[in-house]
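Analysis of the macromolecular model
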There are 2 protein chains.
Amino acid sequence: MIGTESSASINKGSLPSANGNGTRSPTCSSDRVLNLEQGDPSVFQSYWSKMEDKCTMVISGSQLMSYISDFTTLCWFMEPEFQEAVRRLHRVVGNAVVDDRYIVVGTGSTQLYQAALYSLTSPGGPEPVSVVSAAPYYSAYPEETDYLRSRLYKWAGDAYEFDKNGTGPYIEVVNSPNNPDGTLREAVVKNRGDEGKLIHDLAYYWPQYTPIIRPADHDIMTFTFSKSTGHAGSRIGWAVVKDKEVARKMSKFIEMSTLGVSKDSQQRAAKIMGVICDDYKNFKSDELFFEHTRRVMADRWERLRQVVDRNQVFSLPKYPKQYCLFSGELIEPYPGFAWLEAKEEEEEIDSQKVLRGGIKVQGRTGSRFGVAQKYVRVSLLSNEEVFNQFLERLSTINSISNGH
Amino acid sequence: MIGTESSASINKGSLPSANGNGTRSPTCSSDRVLNLEQGDPSVFQSYWSKMEDKCTMVISGSQLMSYISDFTTLCWFMEPEFQEAVRRLHRVVGNAVVDDRYIVVGTGSTQLYQAALYSLTSPGGPEPVSVVSAAPYYSAYPEETDYLRSRLYKWAGDAYEFDKNGTGPYIEVVNSPNNPDGTLREAVVKNRGDEGKLIHDLAYYWPQYTPIIRPADHDIMTFTFSKSTGHAGSRIGWAVVKDKEVARKMSKFIEMSTLGVSKDSQQRAAKIMGVICDDYKNFKSDELFFEHTRRVMADRWERLRQVVDRNQVFSLPKYPKQYCLFSGELIEPYPGFAWLEAKEEEEEIDSQKVLRGGIKVQGRTGSRFGVAQKYVRVSLLSNEEVFNQFLERLSTINSISNGH
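As a starting point, this report considers the structure included with it.

1. Here's the deal with the packing of aromatic side chains
Evaluated as defined, the whole model comprises 60 aromatic pairs over all chains. Their ring planes at 75 degrees and their centres at 5.0 Å tell us that Y137 of chain A and W155 of chain A sit as a pair that is edge-to-face. Of this pair, Y137 of chain A sits in the loop between β4 (129-133) and α5 (141-146) while W155 of chain A is found in strand β5 (residues 153-158), placing the two residues 18 residues apart along the sequence. A relative accessible area of 10% means that Y137 of chain A is categorised as buried. Seen from the ring of Y118 of chain A, K249 of chain A lies directly overhead, with NZ or CZ sitting 5.3 Å from the centre. Positioned over the ring face of F337 of chain B is R377 of chain B, at 3.7 Å from the centre of the ring.

2. Observations concerning the sheet that holds strand β3 (residues 102-106) of chain B
All names here are of chain B. Pairing is mixed across the open sheet formed by seven strands, whose spatial order is β3-β9-β8-β7-β6-β4-β5. At either margin of the open sheet sits one strand with a lone partner, and together these are β3 and β5 (153-158). Mean inter-strand twist for the sheet, computed between neighbouring axes without regard to direction, equals 25 degrees. For strand β6 (residues 170-175) and strand β7 (residues 196-201), the ladder comprises six bridges, and the chain directions are parallel. Along β7, the bridge assignment pairs V173 with I199. In the packing of helix α4 (residues 108-119) onto the sheet, contacts are made with β3, β4 (129-133), β5, β6, β7, β8 (220-224) and β9 (237-241), and the angle to β8 comes to roughly 165 degrees.

3. Concerning the sheet that holds strand β13 (residues 337-342) of chain B
By definition, the strands of a sheet pair up through backbone hydrogen bonds, in either a parallel or an antiparallel sense. All names here are of chain B. With antiparallel pairing, the four strands of this open sheet are ordered in space as β10-β13-β16-β15. Either end of the sheet is taken by a strand with one partner, and the two such strands are β10 (314-315) and β15 (364-365). The sheet contact formed by β13 and strand β16 (residues 375-379) spans five bridges and is antiparallel. Paired with E341 across the two strands is Y375, which belongs to β16.

4. Brief notes about unusual backbone geometry
The omega torsion of the bond from A135 of chain A to P136 of chain A falls at -5 degrees, within 30 degrees of zero and hence cis. Note on placement: P136 of chain A falls in the loop between β4 and α5. The residue after S176 of chain B, namely P177 of chain B, is reached through a cis peptide bond having omega -10 degrees. Position of P177 of chain B among the secondary structure elements: in the loop between β6 and β7. Of note in the backbone geometry, D100 of chain A takes a positive phi value of approximately 55 degrees without being a glycine. Relative to the helices and strands, D100 of chain A resides in the loop between α3 (80-93) and β3 (102-106). In this structure, L259 of chain B is a non-glycine residue whose phi angle is positive, near 50 degrees. The topology assignment puts L259 of chain B in the loop between α8 (244-258) and α9 (263-282). Of the residues examined, L259 of chain B reaches a relative accessible area of 12% and is grouped as buried.

5. Comments concerning the interface of chain B and chain A
Across the contact, 91 residues belong to chain B and 91 residues belong to chain A. Overall, the association of chain B and chain A removes approximately 7,900 Å² of surface from exposure, summing both partners, and the carbon and sulfur fraction of that is 56%. When the area that chain B buries against chain A is broken down by residue, the three leading residues are M65, Y67 and F71 of chain B, summing to 10%. The closest approach of N and O atoms between E143 of chain B and K252 of chain A, which form a salt bridge, is 3.5 Å.

6. A closer look at the pairing of β7 of chain B
In this structure, β7 of chain B lies alongside β8 of chain B, joined through two bridges in parallel fashion. Note on β8 of chain B: the bridge partner recorded for H200 of chain B is M221 of chain B.

7. What about the environment of N95 of chain A?
All names here are of chain A. Tracing the backbone shows N95 in the loop between α3 and β3. Looking at N95, the relative accessible area reads 0%, which means it is buried. When the C-alpha positions of N95 and W206 are compared, they lie 7.1 Å apart, and in sequence the two are 111 residues distant. Apart from residues lying up to four places away in sequence, N95 is in contact with H90, Y205, W206, I212, R214, P215, A216 and F223. At 2.8 Å, the side chain of N95 and the backbone oxygen of Y205 are in polar contact.

8. Describing the nonpolar core
F390 of chain A together with F390 of chain B are the most contacted members of the largest nonpolar core, which has 238 residues in total. For F390 of chain B, the residues in contact, after removing those within four places along its chain, are L34, L36, L304, V361, V378 and L380 of chain B.

9. Structural notes on the pattern of salt bridges
Under the counting rule described, the total for this entry stands at 40 salt bridges over all chains. Note that D264 of chain A is salt-bridged to R268 of chain B, the shortest N-O span being 2.9 Å. In this pair, D264 of chain A is assigned in helix α9 (residues 263-282) and R268 of chain B in helix α9, connecting two distinct chains. With a relative accessible area of 0%, D264 of chain A lands in the buried category. We classify R268 of chain B as buried; its relative accessible area is 0%. With a closest N to O distance of 3.1 Å, R303 of chain B and D299 of chain B form a salt bridge.

10. Quick notes on the relation of the copies chain B and chain A
Once turned by 180 degrees and shifted 0.0 Å along the axis, chain B lies on chain A with an RMSD of 0.0 Å. The superposition operator between the copies reduces to a two-fold rotation axis. When you check the interface residues of chain B against chain A, 100% turn up at the interface there too, and the contact is symmetric in its surfaces.

11. A word on the environment of Q373 of chain B
Residue and element names in this part refer to chain B. Assignment of secondary structure puts Q373 in the loop between β15 and β16. A C-alpha to C-alpha distance of 30 Å links Q373 and F44, two positions 329 residues apart in sequence. In this view, Q373 contacts E347, E348, I349, D350, S351, Q352, T365, G366 and S367; residues no more than four positions away in its chain are not counted.

12. What about the packing of α3 of chain A against α9 of chain A?
All names here are of chain A. Two numbers describe how α3 lies on α9: the axes approach to 8 Å, and their chain directions differ by 35 degrees. Pair α3 / α9 crosses with left-handed handedness. Within the contact between the two elements, α3 uses E81, F82, A85, V86, R88, L89 and V92 and α9 uses Q266, Q267, A269, A270, M273, G274, I276, C277, D278, Y280 and K281. Looking at side-chain class alone, the contact of α3 with α9 contains eleven nonpolar, three polar and four charged residues.

13. A few points about the packing of α9 of chain A against α9 of chain B
Helices that pack against each other are described as a pair by the angle of their axes relative to one another and the distance between those axes. Between α9 of chain A and α9 of chain B, the least distance of the axes is 7 Å, while the angle of their chain directions is 125 degrees. Taken together, α9 of chain A and α9 of chain B sit at an angle that is classed as oblique. In terms of crossing hand, the pair formed by α9 of chain A and α9 of chain B is right-handed. For the pair α9 of chain A and α9 of chain B, the contacting residues are D264, S265 and R268 of chain A in the first and D264, S265 and R268 of chain B in the second. Each residue belonging to the contact of α9 of chain A with α9 of chain B can be placed in one class, and the counts come to no nonpolar, two polar and four charged.

14. Description of a negative patch on the surface
Residue and element names in this part refer to chain A. A grouping of E344, E345, E346 and E348 is seen on the molecular surface, where their side chains present a negatively charged patch. Counting through the fold element by element, E348 comes out in the loop between β13 (337-342) and α11 (351-359). The exposure class of E348 is exposed, given its relative accessible area of 58%.

15. Quick word on the environment of G237 of chain B
All names here are of chain B. Mapped onto the fold, G237 is located in strand β9. Considering only alpha carbons, one finds G237 and L112, 125 residues apart in sequence, at a separation of 7.2 Å. Excluding its chain neighbours within four sequence positions, the residues that come into contact with G237 are F82, V104, V105, G106, G108, S109, L112, F223, T224 and F225.

Parameters and conventions
Residues numbered from 1 in each chain as written. Chains lettered and ligands numbered in written order. Predicted model: local features only at pLDDT ≥ 70, side-chain atom pairs only at ≥ 80, totals over all residues. Heavy atoms only, no water. Phe/Tyr/Trp six-rings, centres within 6.5 Å; stacked < 30°, edge-to-face > 60°. Helix = DSSP H or I, 4+ residues; strand = E, 2+ residues; numbered from the N terminus. Buried < 20%, exposed > 50% of the residue type's maximum accessible area, 1.4 Å probe, protein only. Lys NZ or Arg CZ within 6 Å of the ring centre and 35° of its normal. Pairing = 2+ DSSP bridges. Axes fitted to C-alpha atoms, helices over the stretch in contact; angles between N-to-C directions. Contact = heavy atoms within 4.5 Å. Buried area = accessible area lost by both parts, 1.4 Å probe. Salt bridge = Lys/Arg side-chain N within 4 Å of Asp/Glu carboxyl O. Polar contact = N/O pair within 3.5 Å; in protein donor to acceptor, adjacent residues only side chain to side chain. Core = buried A, V, L, I, M, F, W, Y, C linked by side-chain atoms within 4.5 Å. Least-squares fit on C-alpha atoms with pLDDT ≥ 70 in both. Left-handed = near helix turned anticlockwise from the far one by under 90°. Nonpolar A, V, L, I, M, F, W, Y, C, P; charged D, E, K, R; others polar. Parallel < 35°, antiparallel > 145°, perpendicular 65-115°, else oblique. Patch = residues over 30% accessible without salt bridge, like charges linked within 9 Å, V, L, I, M, F, W, Y side chains within 5 Å. Areas by Shrake-Rupley, 256 points an atom, 1.4 Å probe, with all protein chains shown as cover. Lys, Arg positive; Asp, Glu negative; His and termini not counted. Charge placed at Lys NZ, Arg CZ, Asp CG, Glu CD.

Below, the structure written as structure tokens:
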């Protein structure tokens, strides 16, 4: 469940306001709960507001009407312009190898994760294939794996546990940088020959969140428009895939699941990615996208660490500086979430409750990510007003008991 | 599989041409296979070309970025403007009861069908629930039901068979007007109390295809933008649902499957539905949408019946005239597919092969719909050029053997 907080107001009639000044955003009066449970990427909206003209998408009533984009390709519902934009963006950023790779478009990376599971399994096995990811793992994996009670695959929890005690065929999902804790990761289950397959969920492997340490080059890599540029409402993701049959099965899954992917959104994504790439090519923008957004994230992390250090209730992960191929500098990661750990010793402390009860901030408990509830994840991707309010409230917490 | 015919050309750079004059449409040279296997609704494109200005959708770079539309409603990812447009359109057409009903948006009716199955089943039953539909049934139901090998539900074939011999809990899908054969339908499994649930797939219950005999009022009714207005590329569908918990479970399914539905496409659908409704309110358009499209479909059926009657190789279903509440007239159905039955007696005749071998027309065999292969389904929703070419080729078939 993404959440049920009553924290969004509705703008009727015309399209929602573009300026991030409150419509459809969480309100900030002090008696209102700040919903920071989801990673809604509102932080990037102000950048796009300044780009209005260049990024405006115009679709006439008779365009994009067909189911089909190109029947000569295996992902026949993918707009050619979208595929070109994806390849170009990866080449500009250098975060993934795309030459001689297949691209598959999906309705967000949520759908692509399920398409990948489908592509790596087949009917007729004696047991469903075990799906694992190292804890703390993305909280949606268990549910997305198990909700249809498939005989093809089943959620099997923490990959470290599976490495020690698990047997049989498995799929390990490697989420890097990892949601919730922001670490750069590699597979943890030791190679068992043909028994293991990998899915790399690289939703956050973009320069605003992390140093780009190498062009990623794995069998199946998934990315999403939601986290790369902040356009979550378009529900666009893509996979970069080495093997043709895997790409074909993923496309087939998306065909059976939703008979393709919104062309309106594919074209919009292509346009916005194109603007980013053009700006890098021409150095024409006042501030380039990844430089701007990285600066915003760096600023948030600096202010967050000051508050957390001062009040001594929680701690945050420390991340090593690494050389970023994209920026040519040694830089720190600035993850999209704060992964807060209560400093008191007892594992039983419920940090989500501490935040909710003490300062009316809704985070997501560590137990949803397969670890102790002394951890809580809080989104850092809200708009500026909400982020400021979060820091203000966080600075008023002086002890865990204060939070109870 | 929607098909693999190489029948679409690609338009690079700008958005695809809006005029239906060939780009991305099947080409018509006489040695080229005409792909009429899918129901790609190109027939409506020329209408929307004339409406360009009124229907043009403009989305700036910073709009529609959030995952969330309205957290106060159970379908939190549904744009309020979309919901209002859906309710308004049904009120204008009179084809479904929407007062005191929940609306759930989906990525096409394909996703809503699966959401409905999920909402009507629950884990822990001894056996998967049987899913049935009266043959000839929509060819995608078996695959969409079984591809994940769910323990919640399984495809169990023809509803008539199940009515005679089936036992245990079941879900019957009632597709009305039915794809492939165009008949108006009711449930066929006799009521067994709590054991049976119904899904009504009303994709074609619109005035261009059928008389509107009453405002439909069933537990779960699904509709799609693809068939109502012809905008298949947007992947937008919706369900009208009586029970709150069912609507909640369907929304939950869509959350787990794709974390919502493209807002770009929801807004575009709202705009286009709004134009249709405004035109009916103001009588301002030269020709109103359903009147225009019904006239086109009537013309196609008249010409089709002439050719089929003349060459005596196939027969078509006869449909009774019924009183249409929308037009206030006694009218015939004009389905989106021709359901052709070979006139020769043997059940073994492969009509798909006859069309493909004899006149290079790709239809879909009856066996995909759970009946004999003497039946073949051919789309009547292509653009005018392709439809004319189809009739021209069909008129050259003089006997089944000619087709071999």
